[in-house]
Amino acid sequence: MATLKKLGILLSGRGSNFEAIADSIKAGRLQAEIAIVISNRADAPGLESAKRRGLNAVLIASRGRVREEHDADVIAALHHAQVDLICLAGYMRLLSPHFIQAFPNRIVNIHPSLLPAFPGMDAQKQALEYGVKITGCTVHFVDEHLDNGPIILQKTVPILDGDDVNSLSARILEQEHKAYSEAIGLILSGEVEIVDRRVLRKLSRSEGR
Ligand code: GAR
């Protein structure tokens, strides 16, 4: 049997995307194992959840630390756990260039909008205030710019007239929970490649030639 690919999860808060990934693995929908869960905040509910699930859950507190020094500790922990892919799951901290270079095309993030629309904080509020009729979520590779790297997968969510930030966020979150595991599965399958900014299925590219 092939050895399972190892995931490293980075989170800062609630951790529902982490839980959805862990549930997908448990249900056999995603062939992978979670080698380490790292939180930069002691009070992150996601950290407790990871401990309750018996996972290797580690606090590497970031408060008051220089970014590069904190990142160096996180990088060391990820190397030690021998991760194949790093999943940012509500990790509310910018990664230093050194971090990104340490794991080229091996860090992914989920964002609650259809990028490149509404990057940064409060993406759902930004979409409501702008008045778009369709928003959603994006799973993308992480590069040195905020919410910017090649897009692996997106799911759309209509904005309803009666929506507020809470109702819209809840419907986007449902899609996030599906999108993240699907995107991880795609990457770990080795079936996709990055061509310029595009993430393409290797098979369909050769068929299309
Ligand atoms: C999710 O909605 C995720 O897309 C967002 O934070 C939330 C974390 O929820 N991430 C960003 O906005 C990143 N720019 P969770 O802790 O329940 O997974």
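Going along each chain's sequence as written, the residues are numbered from 1 onward. pLDDT decides what is reported in this predicted model: residues at 70 or higher carry local features, side-chain atom pairs at 80 or more are listed and counted, and totals for whole chains, interfaces and linings draw on all residues regardless. To obtain the side-chain values, all non-hydrogen atoms of the structure were included, while hydrogens and water were left out.

What follows deals with the layout of surface pockets. Its volume calculated, the largest pocket comes out at about 910 Å³. Lining the largest pocket are 36 residues, and of these Gly90, Tyr91, Met92, Ile110 and Pro112 sit closest to its centre. Secondary structure elements follow DSSP: runs of H or I of four or more residues count as helices, runs of E of two or more count as strands, with numbering from the N terminus. Broken down by secondary-structure element, the contributors of at least two residues to the lining of the largest pocket are helix H1 (16–26), strand S5 (107–111), helix H5 (123–130) and helix H6 (165–189). With four residues, the top contributor of residues to the lining of the largest pocket is H6. With a 1 Å grid spanning the protein atoms alone, the term cavity applies to any set of points in which a 1.4 Å probe fits but cannot get out, the term pocket to an open set with protein on both sides within 12 Å along at least five of seven lines, and the term lining residue to any residue with an atom within 4 Å of a point. Grid points are joined across faces, edges and corners, and a volume is the space filled by probe spheres set on the points. Space inside the second largest pocket adds up to approximately 200 Å³. What lines the second largest pocket is Ser12, Asn40, Arg41, Ala42, Asp43, Ala61, Ser62, Arg63 and Met92. Per-class residue counts for the lining of the second largest pocket are three nonpolar, three polar and three charged. Nonpolar residues are Ala, Val, Leu, Ile, Met, Phe, Trp, Tyr, Cys and Pro. Charged residues are Asp, Glu, Lys and Arg, and all others, Gly as well, are polar.

This next bit is on the packing of aromatic side chains. Stacked, tilted and edge-to-face are the three classes assigned to paired rings of Phe, Tyr and Trp, where Trp is represented by its six-membered ring and a pair needs centres within 6.5 Å; plane angles under 30 degrees give stacked, over 60 edge-to-face, the rest tilted. Applying the stated rule across the entire model yields two aromatic pairs. Relative to Phe103, the ring of Phe99 lies with its centre 5.9 Å away and its plane at 55°, an arrangement referred to as tilted. Each residue is placed in one exposure class: buried if its accessible area under a 1.4 Å probe, protein chains only, is under 20% of its type's maximum, exposed if it is over 50%, and partly exposed if it falls in between. According to the relative accessible area criterion, Phe99 is buried, its value standing at 0%.

Okay, the site of the ligand next. In these notes, residues near a molecule or strand are those with any non-hydrogen atom within 4 Å of it. Taken together, the neighbourhood of the ligand is formed by Arg14, Gly15, Ser16, Asn17, Gly90, Met92, Ile110, His111, Pro112, Asp147 and Glu176. A distance of 2.6 Å separates an oxygen atom of the ligand from a polar atom in the side chain of Arg14. Side-chain atoms alone can form a polar contact between residues adjacent in sequence; in general such a contact is a pair of N or O atoms within 3.5 Å, and within protein one must be able to donate a hydrogen while the other accepts it. Contacts to the ligand include His111, whose side-chain N or O atom sits 3.0 Å from a nitrogen atom. The Shrake-Rupley method, run with a 1.4 Å probe, gives the accessible areas here. Residue values count only the displayed protein chains as cover. For the ligand, whose unbound accessible area comes to 450 Å², protein coverage reaches 89%. The cavity where the ligand resides is the largest pocket. Secondary-structure elements contributing two or more residues to the shell around the ligand are H1 and S5. Cavities and pockets are treated as containing a molecule whenever more than half of the molecule's atoms lie within 2 Å of their grid points.

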